[in-house]
Amino acid sequence: MTISKSPPIHPGEILRELYLEPLGMSAYALARHLNIPRTRIERIAGEKLGITADTALCLAKFFKTTPEYWLNLQNAFDIKAAAVRLEADLANIKELEAA
């Protein structure tokens, strides 16, 4: 298994840099449009909180994307962060040899 050396990209960075900033929209304004707590969007955009299925559904509806887009961003971040954290342990696991 090969792990990319670039740092994992948090979905909050994508939300902030590709959606909120270009639109000139604050986390508070987005939260109002989505009818969810302001703190949830602020924490996601601040890279302190991950995207859940319910938030993915709301973001997808508002931005005309898919919930899978948002959950895939979160999933990719989680896997890469775990791979970095577990790099030494993973290196010690011997792969199954084909028979």
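## Some remarks on helix α3 (residues 38-45)
Step number 1: Where α3 is concerned, the buried positions are Ile41, Ile44 and Ala45. Projection of α3 onto a plane perpendicular to its axis shows the buried side chains occupying an angular sector of 95°, all on one side.
Step number 2: Considering only its buried residues, α3 is in contact with α1 (11-23), α2 (27-34) and α4 (53-63).
Step number 3: Two residues or fewer past α3, Glu47 is found with a positive phi of approximately 65°.

## What about the nonpolar core?
Step number 1: Judged by nonpolar contacts, the single largest core of 20 residues is most densely connected at Leu15, Leu30, Ile41, Leu59, Phe63 and Trp70.
Step number 2: When contributions to this core are tallied by element, the ones reaching two or more residues are α1, α2, α3 and α4.
Step number 3: Ranked by the residues each element gives to this core, the list is headed by α2, at five residues.
Step number 4: In contact with Leu15, not counting residues within four places along its chain, are Leu20, Leu30, Ile41, Ile44, Leu59, Phe63 and Trp70.

## Regarding the pattern of salt bridges
Any two side chains of opposite charge can pair, given that their charged atoms come close.
Step number 1: The final tally for this structure, using the stated rule, is four salt bridges.
Step number 2: Notably, a salt bridge pairs Glu17 with Arg16, separated by 3.6 Å at the nearest N-O pair.
Step number 3: For Glu17, a relative accessible area of 39% gives the class partly exposed.
Step number 4: We classify Arg16 as partly exposed; its relative accessible area is 22%.
Step number 5: Residue Glu42 pairs with Arg38 through a salt bridge whose shortest N-O separation is 2.6 Å. Within this pair, Glu42 and its partner Arg38 are both found in helix α3, separated by four residues, close to a single helical turn.

How each quantity is defined
Residues numbered from 1 in each chain as written. Predicted model: local features only at pLDDT ≥ 70, side-chain atom pairs only at ≥ 80, totals over all residues. Heavy atoms only, no water. Buried < 20%, exposed > 50% of the residue type's maximum accessible area, 1.4 Å probe, protein only. Helix = DSSP H or I, 4+ residues; strand = E, 2+ residues; numbered from the N terminus. Arc of directions from axis to C-beta. Contact = heavy atoms within 4.5 Å. Core = buried A, V, L, I, M, F, W, Y, C linked by side-chain atoms within 4.5 Å. Salt bridge = Lys/Arg side-chain N within 4 Å of Asp/Glu carboxyl O.

Honestly, that's just the spatial picture; any functional story needs more than this.
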